[in-house]
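Architecture and fold: a report
What follows is each chain in one-letter form.
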Amino acid sequence: MEKNCNHCEIRFEIPEEDLEFFHKISPVFNNVRYLIPEPALCPDCRLQRRISWRNERALYMRACDLCKKNIVSVYSPGKPHPVYCNACWWGDGWDGHHYGREVDFSRPFFDQLREVMEVVPQLAIQNDEGNGSENCQYCQDFAHGKNCYFVVGSWHTENSFYSNVNASHNRSICDCINVSKSELVYESLDSQALYNCAFLQNSQNCSDCIFGFDLKGCRNCFGCFGLRQKEFYFFNEPLSEAEYKKKLTAFALDSYKNLELIKKQFLGWIVQFPHKSTSQQNCENCEGNDLFNCKNTQGFSLLDAENCKYCHQGDNNMFSYDIFNSGQPNWCYEGMTPDNSFMTHFSWFSWKNKFVLYGINCHSSEHLFGCVSLHRAKYSILNKQYSKEEYEALVPKIIEHMKKGGEWGEFPPARISYFDYNESIAQEYFPLKKEEVLAQAWKWKDPDPKEYRTQTCVIPDSILEATDVLSKEVLACIECGKNYKVIPLEFEFYKKISFPIPRKCPDCRHKARLAIRLPYQLWQRNCAKCSKSIQTPYAPTRLEVIYCEECYLKEIY
């Protein structure tokens, strides 16, 4: 089947296997299956809509609306709904059913869901601070950590900063994306099992390496590409240990000016090497990039996924479609972080659920429809409690009502998201201008002038000349002008690895990493060596020469 996307209007295909999946996951009430229809949006527009509900980087100080304690939150003080701290939200001092209401069949269901969202208290930030984590209150979608700051979508991490996407089981990492099981790592992407490394990408089991791409089992390598089990290599040339250390010292990486020159040199140098079409390890019948131990799966940045499609950033996804940033979803569809859930569709941050439809931050619950901030609940609609018989009689009527307005089977629209478009990570993957956002009837947040003050000091060129006084200064990004600070633990990290204090704010550093990282998109190309048809995240307009996996491995080995 082919359709035109209702948003971007491009033609996209819906394979027969997708239709079979929709049939299997469709809810059944009184022995009648209420089919989830084929999607109205193409995969990219569905992804854009989902991640318009995910704020990772815009954090605010505000008061808990219950206990009045000062807290960190992903919700700005101007949002209409109440916001509770962790202790209050998870506590027994309130009940989400208190806000329940009847369904109005004369109005769109999503408008009614939005009205419930505007009155039900929300959790300030998704982390387990004070329970599983310690000193990690500035971390979103985070668990089981210690002394972390601005680490997102991660768990079991200590003494780390400004890192995200499956950045798990780490110690002392900074400015990384999708780095796991590593220690003392700086500015690295899509890598695992690193120690004392910086500026690596798509690398594994390396130590003491700086500037590298696709390195495996290497030690003491600098500026290298595609090496396997090598030591003391400098821009892919073997050296003695003494020669290597002499050259490394001469580069003086403690200097900001020197480091910026080497960054540009390395990125230009690696273009000469053929690149592998995709990064997949121990995968069977898979399409996508950054896949590990996956089977029959289409997606990006996935570990141990099976029989999944259109999934991004996940761990142990099973029989699920259109899921972003989740662990152990099973038979789930169109969800943002439906962790450890079964048959949970069109949900947002809803964990350990079964048979939940349109759940917003609902947990350990079953048989909910259009509910917000409920936990340990059953048979509820728009937060109103029903009996099992009442629930199973009313939900089919709601589905028929939603069908008439084109709402049934679709994730809640961006227009009712808690977040302004440019607060969400949709702006990172699908950047838009303010006028483009407003034209869609979506929300936009203007910059706060208070975040653009004059810098209060001069940053030394070398980290060797910097003192911890910098942690008390206000810095201004050389790219966007926004203020930022270097926290004390972060300063100690730069001193330990002997790299200079960054001149860009965390947002601009993150943006620069995303520009280097491959996109969540595939293009059809031909292997530059054997001409075989391949799928790759390298766009045809890029400079890299792309090989299929077989030709690439012959080149490397």
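Below or above, wherever it landed, is the structure these notes cover. In this text, all values refer to a predicted model and were calculated from it rather than measured experimentally.

1. A look at the pairing of strand β14 (residues 170–174)
β14 sits mainly inside the fold: four of its five residues count as buried. Note: strand β12 (residues 157–158) against β14, two bridges, orientation parallel. Each residue of the ladder has a partner; that of Glu158, found in β14, is Arg171.

2. Some points on the nonpolar core
Within the largest apolar cluster, 129 residues are counted, with the highest numbers of intra-cluster contacts made by Phe369 and Ile381. When residues in this core are grouped by element, the largest group, six residues, is from helix α7 (residues 388–404). Those residues in contact with Phe369, other than ones at most four positions away along the chain, are Phe109, Leu357, Tyr358, Ser380, Ile381, Leu382, Tyr391, Val395, Ile398, Ile399, Met402 and Trp408. Ranked by size, the runner-up nonpolar core spans 16 residues in total, among them Ala167, Ile173, Leu200 and Cys218.

3. Side note on the environment of Gly132
Mapped onto the elements of the fold, Gly132 is located in the loop between β8 (122–123) and β9 (142–143). Other than its neighbours up to four places away in sequence, Gly132 contacts His144 and Gly145.

4. Digging into the pattern of salt bridges
Counted by the stated rule, this structure contains 41 salt bridges. Linking Arg49 and Glu410 is a salt bridge whose minimum nitrogen-to-oxygen distance equals 2.9 Å. Here the residue Arg49 occupies a position in helix α2 (residues 43–51), and Glu410 occupies one in the loop between α7 and α8 (426–429), the gap between them amounting to 361 residues. Looking at Glu410, the relative accessible area reads 7%, which means it is buried. For Arg509, the salt bridge is made with Asp175, and the minimal N-O distance between the two is 3.0 Å. Taken together, the residues Arg509 in helix α11 (residues 506–516) and Asp175 in the loop between β14 and β15 (177–180) connect sequence positions 334 residues apart.

5. A few points about the packing of aromatic side chains
Scanning the model with the defined rule gives 60 aromatic pairs in all. For the pair Phe21 and Tyr333, a centre-to-centre distance of 6.2 Å together with 75 degrees between the ring planes defines the contact as edge-to-face. On the criterion of sequence distance, the pair formed by Phe21 in helix α1 (residues 16–25) and Tyr333 in strand β29 (residues 333–336) is long-range, its members being 312 residues apart. Each member of the pair, Phe21 together with Tyr333, is buried. Taking 5.4 Å as the distance between ring centres and 45 degrees as the angle between the ring planes, the aromatic pair formed by Phe234 and Phe251 counts as tilted. Taken as a pair, Phe234 in strand β21 (residues 231–234) and Phe251 in helix α5 (residues 241–251) lie far apart in primary sequence, 17 residues in all. Given the relative accessible area of 21%, Phe251 is considered partly exposed. The positively charged end of Arg503 is found above the aromatic ring belonging to Tyr256, 4.3 Å away from the centroid. If you follow Arg509 out to its NZ or CZ, it ends over the ring of Tyr162, 5.0 Å from the centre.

Reading the values: rules and limits
Residues numbered from 1 in each chain as written. Predicted model: local features only at pLDDT ≥ 70, side-chain atom pairs only at ≥ 80, totals over all residues. Heavy atoms only, no water. Buried < 20%, exposed > 50% of the residue type's maximum accessible area, 1.4 Å probe, protein only. Helix = DSSP H or I, 4+ residues; strand = E, 2+ residues; numbered from the N terminus. Pairing = 2+ DSSP bridges. Core = buried A, V, L, I, M, F, W, Y, C linked by side-chain atoms within 4.5 Å. Contact = heavy atoms within 4.5 Å. Salt bridge = Lys/Arg side-chain N within 4 Å of Asp/Glu carboxyl O. Phe/Tyr/Trp six-rings, centres within 6.5 Å; stacked < 30°, edge-to-face > 60°. Lys NZ or Arg CZ within 6 Å of the ring centre and 35° of its normal.

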